[in-house]
Amino acid sequence: MANNIVNLIRKDFCALWSEKTMGPTFVGLLAMSAIFASSLTFSSLIFVFLIASAYTLNIFSLEEKFRTERFFASLPVRRRDIVLARYGEIWAIAGAYFVVAYLANAVSILVGKTEVRPIPLGYCATVLVILAFTTSFTFPFYFKLGPAKAKAVTTLLLASVMAMAVAIIAMRPSGGSHQVMKAVSAVRNSPFPRDLPHTLLLMGVAILLWGMLIPVTVALYSRRDF
Amino acid sequence: MEHALKVNSLSKHYPGFTLSDVSFGLERGAVMGFIGRNGAGKTTTIKLIMGLIRKDAGSVEVLGREMGRDDSDNKEKIGFVYDEHGFYGNMTIRTIGRLIAPFYRNWNPEEFARLVMEFGLNPSRKAGELSRGQRTKLALALALAHGAELLVLDEPTSGLDPVFRSDLVDILYCVIQDERKSIFFSTHNTTDLERIADYITFIEDGKIVFSESKDALLERYRIVKGPRERLSARGREMCVGIRETRTGFEALSASAEDLAALVGEDVVVEKANLEDIMVYCVKGAADGK
Amino acid sequence: MGNVSISISQSSSKPIYRQIEDKVRSLIVAGELGDREGLPSIRTLARDLRVSVLTVKRAYDDLEAEGFLTSVQGKGCYVSVRNKELFREQRMRNVEEKLDDAASEAKLIGMTLEELQTMLAIVFEEEKHGTRVKG
């Protein structure tokens, strides 16, 4: 079983890489975002959301374009493994992000850039939560409806979230409700928890979200008719 | 003898179409042609066999074992060629082989390479650059390279030229030199099957019309032609389907000699081929027999 | 296993398995397939003739029942003329067929029975002495 999941992950990464522009562009985006992580800003977290959205949209649109779903459903692979592999890919990407981020972080600090702080665990927890939320907007639709039908809904959802994020950055103190402004500023200035309890809480949220999401998407895909 | 494929009372209901009580069996080492019009239920049946859609009722056994919906063990022994090929367009044939290999316990890389070469494919070409026929050959190479004992082909020749179709039949003849291999082949083009199939299963409007030996079919049915006036009511009863024109009637009959005797004069009796049988059966059903 | 020349016609009204039987039977009867000589395997013949395996199998099964073939498990089919009388009968049937052809031809050009019999005597003698050149 684990074997097949690894094979499926490898298949997806190979497929993405074989697309001449998609592969290198995505890897480039991932590397840049990871390096940008050291800034510890709200914007760098938006990039995490961007990467997750881009990957999801890319990999499912490839599946739609080449109609590979049916082919893989006829291989000796369980539906559950196909679903788990997709989550595995997101986690693999998260892993790569952390590795590059910490490396870049360490290098910057060693080189002597004094404004760079070590990336705290709270940041990582927030990254995981963002990934968990992104997959919860996208995966259930793709697995239930298939890439062709789910495209519209997921693109809309992702675009809305992106719009909100951009709005948060762009908001200037002027008119409007004071409460909203305070909330927006709070989020913008301190986008991730700095203390352990909140960090653990956030990690818990991510784990809980995935814990509920994975069985649901597995069930949805198992019931899918091609 | 163990069946390579056994389908029992498969049923599936869609809003506009129902597949009901589909049953047939394919012996080990035999070739079965699955014929029917477009929309008769061939693809639905095959999807049910492969677990691509959920069945409402019935069961499927492959190589003696019940086939569950998500049955990955059984799929090790099945080679499946579908008419839409799901290959990533920018991957080379070689890469595709390498990516698929680990999914199968009995994958044979030398066999895959040999088949690719034998089918005239260049392993360095990208899947997207292949013609439709070449993609089908690639699908066949993938299906054969893992030691599959049952080959299931869903309309593999649709939209392809006669040269390719002949190539495909040649390939299938090579496959059946191994008596452990069985082939299940759906098509609406009966000339492909006329020669290689041992058994024919005919589906129409979601129901199996017959499932039997091709030789028996071709021996039993004949086309009878004659003048319209000489076709009596009793004569009509002997026909599976009748076509009447100004120049006379043409009918398919299982008792051609008796019918010819009844018609008496100006009667011609000819061999019927699979296409005739299919067409007249459908016509007869439509005319309310 | 020598090269066996069998060709069948898809358009003939005779069922294919019957055509195969007749061809193989006449090859045996004509001596082109010797006793204990191996026949092509069922599957090979099916491929070469482009017919179904079941068709060839039926032909071979019928010939085995008639006493012309034996099948050995795992090795294939061999000529084995078990029924000598049947064999002779087949050969005689062959001769009768050929005489029938000759008689039709003769009638067509208006030969008399005596002329035909004379011709037969000459041909028979030449055949016996091996001096006949087949035209």
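About the thresholds
Residues numbered from 1 in each chain as written. Chains lettered and ligands numbered in written order. Predicted model: local features only at pLDDT ≥ 70, side-chain atom pairs only at ≥ 80, totals over all residues. Contact = placed C-beta atoms within 7 Å. Helix = DSSP H or I, 4+ residues; strand = E, 2+ residues; numbered from the N terminus. Nonpolar A, V, L, I, M, F, W, Y, C, P; charged D, E, K, R; others polar. Core = buried A, V, L, I, M, F, W, Y, C linked by C-beta atoms within 7 Å. Buried ≥ 20, exposed ≤ 12 C-beta atoms within 10 Å, placed from the backbone. Pairing = 2+ DSSP bridges. Axes fitted to C-alpha atoms, helices over the stretch in contact; angles between N-to-C directions. Domains from an automatic or database assignment. pLDDT = per-residue confidence, 0-100. Parallel < 35°, antiparallel > 145°, perpendicular 65-115°, else oblique. Left-handed = near helix turned anticlockwise from the far one by under 90°.

(A) Main features of the interface of chain B and chain A. Of the residues lining the interface, 24 residues belong to chain B; the matching set on chain A comes to 27 residues. Here the side of chain B that touches chain A gets 3 residues from one element, more than from any other, and that element is helix H2 (residues 72–75) of chain B. Partitioning the side of chain B that touches chain A into residue classes produces 12 nonpolar, 5 polar and 7 charged.

(B) Quick look at the interface of chain C and chain B. Taken together, the contact pairs 13 residues of chain C with 14 residues of chain B. Counting residues per element, the ones that place at least two in the side of chain C that touches chain B are helix H2 (42–49) and helix H3 (53–66) of chain C. Looking at the side of chain C that touches chain B, the element that brings in the most residues is H3 of chain C, giving 4 residues. Considering only residue class, the side of chain C that touches chain B consists of 5 nonpolar, 4 polar and 4 charged.

(C) Molecular detail of the nonpolar core. Counting 151 residues, the largest nonpolar core has Met-32, Ala-141, Ala-143, Leu-150, Val-152 and Phe-184 of chain B together with Val-56 of chain C as its most contacted members. The dominant element in this core, judged by the number of residues it contributes, is helix H6 (residues 121–170) of chain A, at 13 residues. Not counting the four nearest positions on each side in its chain, Val-56 of chain C is found in contact with Ile-20, Ile-42, Leu-45, Ala-46 and Val-51 of chain C.

(D) The sheet that holds strand S5 (residues 65–66) of chain B, seen in detail. Residues and elements named next belong to chain B. Spatial strand order, S2-S1-S4-S5: 4 strands in an open sheet with antiparallel pairing. On the outer flanks of this sheet lie strand S2 (17–27) and S5, each paired with one strand and no other. In this sheet, S5 lies alongside strand S4 (residues 57–62) in antiparallel orientation, the contact comprising 2 bridges. Within the sheet, the bridge partner assigned to Glu-61 lies in S5 and is Glu-66. The strands touched by helix H1 (residues 42–49) within the sheet are strand S1 (3–14), S2 and S4, with S1 carrying the most contacts at an inclination of about 115°.

(E) Region of interest: the environment of Ser-53 of chain A. Residues and elements named next belong to chain A. Position of Ser-53 among the secondary structure elements: in helix H3 (residues 42–66). Distance from Ser-53 to Thr-155, taken between C-alpha atoms, is 8.8 Å for residues 102 residues apart in sequence. Setting aside residues no more than four positions away along its own chain, Ser-53 makes contact with Thr-134 and Leu-158.

(F) Representation of the environment of Asp-215 of chain B. Topologically, Asp-215 of chain B is positioned in helix H8 (residues 214–220). Residue classification places Asp-215 of chain B among the buried residues on the basis of 20 C-beta atoms within 10 Å. The contacts of Asp-215 of chain B, once residues within four sequence positions are left out, are Pro-15, Tyr-17, Leu-54, Thr-55 and Arg-58 of chain C.

(G) Summary view of the sheet that holds strand S10 (residues 207–213) of chain B. Residue and element names in this part refer to chain B. Strands sit in the order S6-S7-S8-S3-S9-S10 across an open sheet of 6 strands; the sheet is mixed. Taken across any chain shown, the strands that pair with only one partner, and hence form the sheet edges, are strand S6 (78–81) and S10. Ignoring strand direction, the axes of neighbouring strands in this sheet form an average angle of 15°. Note: strand S3 (residues 31–35) against strand S9 (residues 199–204), 4 bridges, orientation parallel. Its bridge partner being in S9, Phe-34 is matched across the sheet by Thr-201. H1 contacts S3, strand S7 (150–154), strand S8 (182–187) and S9 of the sheet and is inclined by roughly 145° relative to S7.

(H) Quick look at the domain arrangement of chain C. Residues and elements named next belong to chain C. When its domains are assigned, chain C resolves into domain 1 (16–79) and domain 2 (84–129). Each of domain 1 and domain 2 was reduced to a C-alpha centroid, and the two centroids are 29 Å apart. Taken together, the 4 residues of domain 1 in the interface contact 4 residues of domain 2. Of the residues contributing to the side of domain 1 that touches domain 2, the split by class is 1 nonpolar, 1 polar and 2 charged.

(I) Seen up close, unusual backbone geometry. Phi at Arg-67 of chain A is positive, roughly 50°, even though this residue is not glycine. For Arg-67 of chain A, the location among the structural elements is in the loop between H3 and helix H4 (69–73). Look at Arg-67 of chain A and you get partly exposed, because 17 C-beta atoms sit within 10 Å. Although it is not a glycine, Asp-21 of chain B sits at a positive phi angle of roughly 50°. Structurally, the position occupied by Asp-21 of chain B is in strand S2.

(J) Structural context of the confidence of the model for chain C. The predicted model of chain C has a mean per-residue pLDDT of 84, with 90% of residues at 70 or higher. Model confidence for chain C, summarised as mean pLDDT per element, is weakest for strand S2 (residues 76–79) of chain C at 83 and strongest for H2 of chain C at 93.

(K) Just the packing of helix H5 (residues 79–111) of chain A against H6 of chain A, in detail. All names here are of chain A. Interaxial distance between H5 and H6 falls to 11 Å at its minimum, and their mutual angle equals 155°. Looking at the two axes, H5 sits roughly antiparallel to H6. Considering the relative orientation of H5 and H6, their crossing is right-handed. Across the interface between the two elements, Val-83, Arg-86, Tyr-87, Ile-90, Ala-94, Tyr-97 and Phe-98 from H5 touch Cys-124, Val-127, Leu-128, Leu-131, Thr-135, Phe-139 and Phe-143 from H6. Grouping the constituent residues of the contact of H5 with H6 by class yields 12 nonpolar, 1 polar and 1 charged.

(L) A look at the arrangement of the chains. Where the 2 pairs of chains in contact are concerned, the greatest contact count is recorded for chains A and B. Nothing in chain A touches chain C; the tightest C-alpha to C-alpha distance between them is still 28 Å.

(M) Summary view of the pairing of S1 of chain B. All names here are of chain B. Pairing of S1 with S2 involves 8 bridges; the strand directions are antiparallel. Bridge pairing in S2 places Leu-10 opposite Val-22. Taken together, the 5 bridges between S1 and S4 define a ladder with antiparallel strand orientation. Residue pairing for S4: Leu-5 is matched across the bridge by Val-62.

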